[in-house]
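A structural walkthrough
In case you want the letters, here they are:
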Amino acid sequence: MTIIVEEERHLKDILKQIVLDPKCLTPAHVVGGIRSIVRGEASEAQIGGFLIALKLRRIDSDPEMVAAMAQETLRGAIVPDIGLDGKPREEIGMIVDIVGTGGDGWNTFNISTTSSLIAVAAGLTVAKHGSRAFSSNCGSADLLEGMGCNLNAILPVHVARFLKEHRYCFVLANNFHPSMHYVKMMCNELAFPTPFKVLGPMINPVVPHRAVIGVNSKALGPVMAEALRIMGRRNYAVVCGDENLDEISIAGDTHVWHIQESGEIKNYTIHPRDFGVPAHPLSEAAGATLEDNKATLHRLLSNELEDRDIAARDFVLINTGFLLYVAGTASSMEEGATIARQTLESGKVKTLLENFAKAIYTITCMCESSQPPP
């Protein structure tokens, strides 16, 4: 989908038109507003007004609007050069992601982050898009940084190397979406989730070939799936736990909107039993502080599980298993969970994380040594 903006307009003019005639809001207005922000023209008051206008208009319930916002935000991103010109780069192959919108209020353990590591150890190549905590106690970036990974050091120029040599790269949003700095500041100051909150999983600048994307509302599931379809994404699965959880739920049913290669969106429901895993109350897989989550991750990767870790482990297994299924590595969800468990228990994931941290340290040292003396 291409949005045609007839002329570059200042956000102030767009806001005026939206206020005077709210029904006039079109994808072109949204795109024009984002471009004005990216060009650095808009004041904080105008950006705040724009975010409020989008929220009141409920554009996050309109797939065309969401797709327009995501595409324009990607247009302003720093896209790493890894040969994604419509076909997988031969040395890297298929790239996947597993990521959620956040904001579900459940404060569970870092499921998608752990699942991404297990998936890589199981053979996939993952470009994990994420950020630091906003609505939870410990975000994906917080956890990895707590485990010794200096994610700020990973710049767009490093992505191809990490994907080729380690099959894993963490794409820290701040380093790849500098034009969204002012929007993020305003979003953090507002007392409600803005439509930009929905975009996070959609704007990975690597543009993975397949992905599992969690949303924090069942109403958002079909909207997100249709927006992704409009953007040309295929073999993406949008998921939402029955509790409005932005993961595949370990407690019961999860709703899935699966975009097929043909573009058809298949809606179905899955349950832990489909993975050969027992259900657990979400409270048993709750996350807490960064230190608590680091300790849990260490026990998982070191095969030093305590009884309190079983629910979190099984939670991770079903989410990893589903990613392996969507990626085509597993022929069924149950096989995916089995592969995930075998991989986790092999110790490969711990080695992977240690090597990832060492690789980041190496590029950090190289960058520091190339700096001229003060």
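Look a little higher up for the structure.
Residues numbered from 1 in each chain as written. Predicted model: local features only at pLDDT ≥ 70, side-chain atom pairs only at ≥ 80, totals over all residues. Heavy atoms only, no water.

1. Let's talk about the nonpolar core
One finds L151, F275, F322 and F356 to be the most contacted residues of the largest nonpolar core, which totals 74 residues. A per-element tally of this core places helix α13 (residues 310–327) first, with 11 residues. Ignoring anything within four residues of it in the chain, the contact list for F322 reads V212, A237, V239, I248, V256, Y268, I270, F275 and M333. Within the second largest apolar cluster, 48 residues are counted, among which are I34, A70, I230 and V238. (Core = buried A, V, L, I, M, F, W, Y, C linked by side-chain atoms within 4.5 Å. Buried < 20%, exposed > 50% of the residue type's maximum accessible area, 1.4 Å probe, protein only. Helix = DSSP H or I, 4+ residues; strand = E, 2+ residues; numbered from the N terminus. Contact = heavy atoms within 4.5 Å.)

2. Overview of the packing of aromatic side chains
Per the counting criterion, the structure on display carries three aromatic pairs. Seen in terms of ring centroids, F162 and F356 are 5.6 Å apart; in terms of plane orientation they differ by 75°. Their pairing is edge-to-face. Pair noted here: F162 is in helix α7 (residues 159–166) and F356 is in helix α15 (residues 348–369), with a separation of 194 residues, a long-range link. Pairing F322 with Y325 gives two aromatic rings, centres 6.0 Å apart and planes at 40°, and the pair type is tilted. Taken as a pair, F322 and Y325 lie in helix α13 at a separation of three residues, close to a single helical turn. Classification of F322 by relative accessible area gives buried; the value is 0%. (Phe/Tyr/Trp six-rings, centres within 6.5 Å; stacked < 30°, edge-to-face > 60°.)

3. Focus on the pattern of salt bridges
For the structure shown, the criterion picks out 12 salt bridges. The closest approach of N and O atoms between D309 and R299, which form a salt bridge, is 2.7 Å. With D309 in the loop between α12 (290–301) and α13 and R299 in helix α12, this pair connects stretches of sequence that are 10 residues apart. Take R299: its relative accessible area is 10%, and that puts it in the buried class. Ionic contacts of the salt-bridge type, sharing partners, join the residues R35, E72 and R75 into one network. (Salt bridge = Lys/Arg side-chain N within 4 Å of Asp/Glu carboxyl O.)

4. Topic: the packing of helix α5 (residues 111–121) against α13
In helix packing, the relevant descriptors are the interaxial angle and the interaxial distance, both defined with respect to the helix axes. Between α5 and α13, the least distance of the axes is 9 Å, while the angle of their chain directions is 60°. Comparing their axes, α13 and α5 come out oblique. The hand of the α5/α13 crossing is right-handed. Between α5 and α13, the contacting residues are I111, T114, S115, I118 and A119 on the first element and A312, F315, V316, N319, T320 and L323 on the second. (Axes fitted to C-alpha atoms, helices over the stretch in contact; angles between N-to-C directions. Parallel < 35°, antiparallel > 145°, perpendicular 65-115°, else oblique. Left-handed = near helix turned anticlockwise from the far one by under 90°.)

5. Side note on the sheet that holds strand β4 (residues 210–214)
Taking strand neighbours across the sheet as the criterion, the seven strands line up as β3-β2-β1-β4-β5-β6-β7 in an open arrangement whose pairing is mixed. The two strands at the open ends of the sheet, each matched to only one other strand, are β3 (168–172) and β7 (265–270). Strand-to-strand, the axes of this sheet are offset by a mean angle of 20°, without reference to chain direction. Note that strand β5 (residues 236–241) and strand β6 (residues 254–259) share five bridges and pair antiparallel. From the neighbouring strand, G241 faces β6, where its bridge partner is T254. Where helix α11 (residues 220–230) meets the sheet, its contacts fall on β4, β5, β6 and β7, and the angle it forms with β6 comes to roughly 15°. (Pairing = 2+ DSSP bridges.)

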